[in-house]
Amino acid sequence: MRYHFTACPETSVQGASLAVAGHSSPSRAVGCGACRLASQCLPLALKGAGNETLERLVQQTPLLEKGRMLHQRGAPFENLYVVQVGALKGIIEDTDGSEAIARFYLPGEIVGLHAISRGRVGLNIVALETSALCRIPYDVLQHHAGSSPALMHWLLCRISAEILAEQETRMAFTSGNAAQVLARALIDLGRRFAAAGLSPTRLRLPMNRCELGSYLGLTPETMSRLFQRFMRQGLIAAVRREIELLDTDGLRRLAERRAARIPAPHPEPAYAAGQA
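What comes next is a walk through the structure. Numbering of residues begins from 1 in every chain and follows the order in which that chain's sequence is written. The model is predicted, so local features are restricted to residues of pLDDT at least 70 and side-chain atom pairs to those at 80 or more, both for listing and for counting; the totals for chains, interfaces and linings are taken over all residues. To get the side-chain values, take all heavy atoms of the structure and skip hydrogens and water.

Attention shifts here to helix 8 (residues 248-256). Buried residues of helix 8: Gly250, Leu251, Leu254 and Ala255, and no others. One side of helix 8 holds all its buried residues, which, seen down the axis, span an arc of 135°. The exposed set on the far side of helix 8, more than 90 degrees from its buried face, consists of Arg253 and Glu256. Burial classification: accessible surface area is computed with a 1.4 Å probe over protein chains only, and a residue below 20% of its type maximum counts as buried, one above 50% as exposed, and the rest as partly exposed. Counting from the N terminus, the helices are DSSP H or I runs at least four residues long and the strands are E runs at least two residues long. Here, the arc refers to the directions that run from the helix axis to the C-beta atoms.

See below:
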């Protein structure tokens, strides 16, 4: 069961900071040609189709301010969005009004793939920080995919990757102890930042630790205890949202460690008749 998210203040350390290389807030690229995420956004084969086709497919939107909602659950599905700068969270609500975080969207990742089959958005999508998004109208994408095998292949690959990522996330974050779950999450965040051309070991998290804990199903107390433990063990350095993975091999060993199995008892020896 996921920990239900309630806002919590971040622990501050007076005067402390980490130098997080490659994680300053980049300015928004103007046009696909200048975007460092262009190779992830649309297939390279489409780049030769001309600017007019790209402009119809990929449209820049106004900046989404921190805390503002992109989509409300149940809204009609019309567009896919590529995160160019910033990050978003997908929130689910229980009938009693409590919230839990179901997923995060980082630079280069696509918002909305989960809504294609039902035609409606399944999560409340909210900006974790001021974010720049590129909108891909789905009807226009379908139209061009019908005459472009490369574009159709790209779309199917992204949907397949979304399904696979959801399966892997469910397995990684619903098994093992709390320390293993957090270690897997930090490794996963590093991998996702690396895919966006950022450092895989020096992370500036767009979410606070309460939000990350809600996503992982861990309480704030457990998150605080684990971060302190990881720092003592030399696995990470952490100041507020700035995290440096100091020992990625150690984190991987922790993430992959299996609980020791208790050997099955040996069967009692069979005694021949007359023996006791």
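We are not done yet, so read on.
Attention shifts here to the sheet that holds strand 6 (residues 110-111). Across the sheet, which stays open at both edges, the 4 strands sit in the order 1-8-3-6 with antiparallel pairing between neighbours. Two strands close off the open sheet at either side, each with one partner strand: strand 1 (59-60) and strand 6. One bridge is not enough; two strands pair if DSSP finds at least two bridges between them. Inspection of the sheet shows strand 3 (residues 79-85) paired to strand 6 by 2 bridges, in the antiparallel sense. Looking at strand 6, one finds that valine 82 is bridged to isoleucine 110. Relative to strand 8 (residues 132-137), helix 3 (residues 138-145) is tilted by about 55°, and along the sheet it contacts strand 3 and strand 8. Contacts are assigned to residue pairs that have any heavy atoms within 4.5 Å of one another. Inter-axis angles, ranging from 0 to 180 degrees, are taken between N-to-C directions of lines fitted to C-alpha atoms, where helices are fitted over the stretch in contact.

Looking at the element boundaries, asparagine 79 is found in strand 3. Contacts described as polar in this section are N or O atom pairs within 3.5 Å, which, within protein, must combine one atom able to donate a hydrogen with one able to accept it, while residues neighboring in sequence count only if both atoms come from side chains. In terms of polar contacts, asparagine 79 uses its side chain to reach the side chain of tyrosine 81, at 3.5 Å. Setting aside anything within four residues of it in sequence, one finds asparagine 79 in contact with Val111, Arg135, Ile136, Pro137 and Tyr138.

For the rest of this paragraph, the subject is the pairing of strand 11 (residues 242-245). Bridge count between strand 9 (residues 202-204) and strand 11: 3 bridges; the pairing is antiparallel. Bridging across to strand 11, leucine 203 finds its partner in isoleucine 243. With 4 bridges connecting them, strand 10 (residues 236-239) and strand 11 associate as antiparallel partners. Each residue of the ladder has a partner; that of alanine 237, found in strand 11, is glutamate 244. Here strand 10 folds back onto strand 11 in antiparallel fashion, the turn holding 2 residues, of which arginine 240 has a positive phi close to 50°.

Right, let's talk about the environment of proline 62 for a bit. Relative to the elements of secondary structure, proline 62 occurs in the loop between strand 1 and strand 2 (69-71). A C-alpha to C-alpha distance of 7.8 Å links proline 62 and leucine 133, two positions 71 residues apart in sequence.

Okay, the packing of aromatic side chains next. We call Phe, Tyr and Trp rings a pair once their centres come within 6.5 Å, taking the six-membered ring for Trp, and we label the pair stacked below 30 degrees between planes, edge-to-face above 60, and tilted otherwise. Within this structure, the stated rule accounts for 2 aromatic pairs. For the pair phenylalanine 77 and tyrosine 138, a centre-to-centre distance of 5.2 Å together with 55° between the ring planes defines the contact as tilted. Placement of phenylalanine 77 in the loop between strand 2 and strand 3 and of tyrosine 138 in helix 3 is noted, with a sequence separation of 61 residues between them. Judged by relative accessible area, which is 13%, phenylalanine 77 ranks as buried. Ring plane angle 65° and centroid distance 5.0 Å describe the contact between phenylalanine 104 and tyrosine 215, whose orientation is recorded as edge-to-face. Remark: tyrosine 215 occurs in helix 6 (residues 209-216) and phenylalanine 104 occurs in strand 5 (residues 99-105); sequence separation between them is 111 residues. Exposure class is identical for phenylalanine 104 and tyrosine 215. Each is buried. Consider the ring centre and the ring normal. A charge sits over the ring if Lys NZ or Arg CZ is within 6 Å of that centre and within 35 degrees of that normal. If you follow arginine 209 out to its NZ or CZ, it ends over the ring of phenylalanine 227, 4.2 Å from the centre.

So, about the pairing of strand 8. On a regular strand, each side chain points to the face opposite its neighbour's, so the side chains alternate between the two faces of the sheet. Among the 6 residues in strand 8, 5 count as buried, and that is most of the element. Note: strand 3 against strand 8, 6 bridges, orientation antiparallel. From the neighbouring strand, valine 82 faces strand 8, where its bridge partner is cysteine 134.

Only one rule defines a salt bridge in this text: a Lys or Arg side-chain nitrogen within 4 Å of an Asp or Glu carboxyl oxygen. On inspection of all chains with the given rule, the structure shows 8 salt bridges. Across the pair lysine 89 and glutamate 211 runs a salt bridge whose closest N-O atoms are separated by 2.9 Å. With lysine 89 in strand 4 (residues 88-93) and glutamate 211 in helix 6, the pair connects residues that are 122 residues apart, well separated along the chain. Given the relative accessible area of 8%, lysine 89 is considered buried. Classification of glutamate 211 as buried rests on a relative accessible area of 7%. Between arginine 191 and aspartate 188 there is a salt bridge, with its nearest N and O atoms 2.5 Å apart. Within this pair, arginine 191 and its partner aspartate 188 are both found in helix 5 (residues 178-195), separated by 3 residues, close to a single helical turn. One continuous salt-bridge network, built from bridges that share partners, spans Glu109, Asp188, Arg191 and Arg192.

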